Amino acid sequence: MPDYPAATQRSRVRVPLRFHDGYSVDAELVTFHGLTDGQEHVAMVLGDPAGATPLVRLHSECLTGDAFGSSRCDCGPQLREAVEQIAERGGVLLYLRQEGRGIGLYNKLDAYALQDEGLDTYAANTALGLPEDARDYTAAAQMLTALGITELDLLSNNPDKAEQLRALGIDVQHRVPTGVFTTAHNVLYLRAKVLQTQHTLPLAKLTAG
C-alpha cells in the first residue's frame, strides 16, 4: 500500500471553459482536503470515460505560459491540447501548483535571466542553487485516489511523472505523448528536456531556425 495519507474531496463545481481560439468545454473542478504539500491543487474532470481507462495529465502551473501566452515554453499549448484530448476521451487534468518545475515564479524568472546568458533551463536552476526539477507527485497520487482513479493512461512526454506515479501505487498503463509546440524562443528549452531528462520529443525536429 502507498505510504502516504489519504486525501478527501472538498468541493466540486461546474465551470464552463473557453480558450483564446474559441474552443469551449464544461469542466468539473474538484478541490481537496489533506494534500501532503498543503498546496491548492485542482482536479479538472472532463468528459465521461464510460468505463474506459481515463486519460490523465499532470499539468504544472505556468503563469507565464498558461495565462500570459509566453513563447519561452510549450506549457500553454500543452494545456489547451490536453483539455480537448481529455474531454474527448474522458479523464482528469490535475492542475498542480508547481511553478517553474517546483522552484516558484520568482526563481523561474531569475532562471530565465541566466538562460538569456547561455545556460540551459536545468543549468540555470542549479546555478541558482536549486534542483533541476523539484516536483514531487505525492499530492497528485492522493488526488487521483480520492477521485477513485488508480489506473490510467498518462498524457505526458516526461518519463519521471509516470515513474513517480507508479512508485506511489498508481497503475500507469500507457504514456501518451503530447504534441510538439516549437517557437523561435523555446526550441533550446525543448532540446534540453530531451537531452537532460529524456522527454519523448523528436529531437531531429527541434532545431533553431
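Summary of the structure given here. (Residues numbered from 1 in each chain as written. Predicted model: local features only at pLDDT ≥ 70, side-chain atom pairs only at ≥ 80, totals over all residues. Heavy atoms only, no water.)

Overview of the overall build of the chain
- Across its full length, the chain carries eight helices and seven strands.
- Taking 17 Å as the expected radius of gyration for a compact globule of 209 residues, we find that the chain reaches 17 Å, a close match to that expectation.
- Here the C-alpha coordinates of the chain stretch approximately 45 × 40 × 30 Å along the principal axes.
- Evaluated residue by residue, the chain yields a buried proportion of 47% over its 209 residues.
- Put simply, 61% of the contacts in the chain that link residues at least 6 apart link residues at least 24 apart.
- When the accessible surface of the chain is split by element, carbon and sulfur atoms take 51% of a total near 10,200 Å².
- Side-chain charges in the chain split into 18 positive and 26 negative, and the spacing between the mean points of these groups amounts to 4 Å. (Helix = DSSP H or I, 4+ residues; strand = E, 2+ residues; numbered from the N terminus. Rg over C-alpha atoms; globule rule 2.2 N^0.38 Å. Buried < 20%, exposed > 50% of the residue type's maximum accessible area, 1.4 Å probe, protein only. Contact = heavy atoms within 4.5 Å. Areas by Shrake-Rupley, 256 points an atom, 1.4 Å probe, with all protein chains shown as cover. Lys, Arg positive; Asp, Glu negative; His and termini not counted. Charge placed at Lys NZ, Arg CZ, Asp CG, Glu CD.)

As for the sheet that holds strand 3 (residues 42-46)
- Reading across the sheet, the seven strands line up as 1-2-3-5-4-6-7 and stay open at both edges, with mixed pairing between neighbours. Looking at which strands have only one partner, the edges of the open sheet turn out to be strand 1 (8-18) and strand 7 (171-176). Taken pair by pair, the neighbouring strands of this sheet meet at an average axis angle of 30°, ignoring direction.
- Relative to strand 6 (residues 151-155), strand 4 (residues 55-60) runs parallel, the two sharing two bridges. (Pairing = 2+ DSSP bridges. Axes fitted to C-alpha atoms, helices over the stretch in contact; angles between N-to-C directions.)

A short note on the nonpolar core
- The biggest cluster of nonpolar side chains holds 27 residues, and the ones touching the most others in it are Ala-43, Leu-58, Val-92, Leu-94, Leu-144, Leu-152 and Leu-165.
- Among the secondary structure elements, those contributing two or more residues to this core are strand 2 (24-33), strand 3, strand 4, strand 5 (91-96), helix 6 (138-146), strand 6 and helix 7 (159-167).
- Discounting chain neighbours no more than four positions away, the residues touching Leu-165 are Leu-58, Tyr-137, Ala-140, Ala-141, Leu-144, Leu-154, Ile-170 and Val-172.
- Membership of the second largest hydrophobic core comes to 15 residues, among which are Leu-17, Phe-19, Tyr-23 and Val-83. (Core = buried A, V, L, I, M, F, W, Y, C linked by side-chain atoms within 4.5 Å.)

Here we look at the pairing of strand 2
- The pairing of strand 1 with strand 2 spans 10 bridges and is classified as antiparallel. Of the residues in strand 2, the one forming a bridge with Leu-17 is Val-25.
- Connecting strand 1 to the next strand, strand 2, in antiparallel fashion are five residues, including Gly-22 with a positive phi near 95°.
- Where strand 2 and strand 3 come together, three bridges link them in antiparallel fashion. Pairing of Glu-28 across the sheet is with Val-45, part of strand 3.

With respect to unusual backbone geometry
- Its identity is not glycine, yet Arg-101 carries a phi of approximately 55°, on the positive side.
- Here Arg-101 shows up in helix 3 (residues 99-102).
- You can call Arg-101 buried: its relative accessible area is 12%.

Focus: the packing of aromatic side chains
- Taken as a whole, this structure holds one aromatic pair when the rule is applied.
- The interplanar angle of 35° and the centroid separation of 6.1 Å between the aromatic rings of Phe-19 and Tyr-23 together place this pair among those described as tilted.
- The exposure class assigned to Phe-19 is buried, which follows from its relative accessible area of 19%.
- Stacked on the ring of Tyr-112, the Lys or Arg Arg-72 has its end atom at 4.2 Å from the ring centre.
- Lying over the aromatic face of Phe-19, Arg-80 brings its terminal NZ or CZ to 5.7 Å of the ring centre. (Phe/Tyr/Trp six-rings, centres within 6.5 Å; stacked < 30°, edge-to-face > 60°. Lys NZ or Arg CZ within 6 Å of the ring centre and 35° of its normal.)

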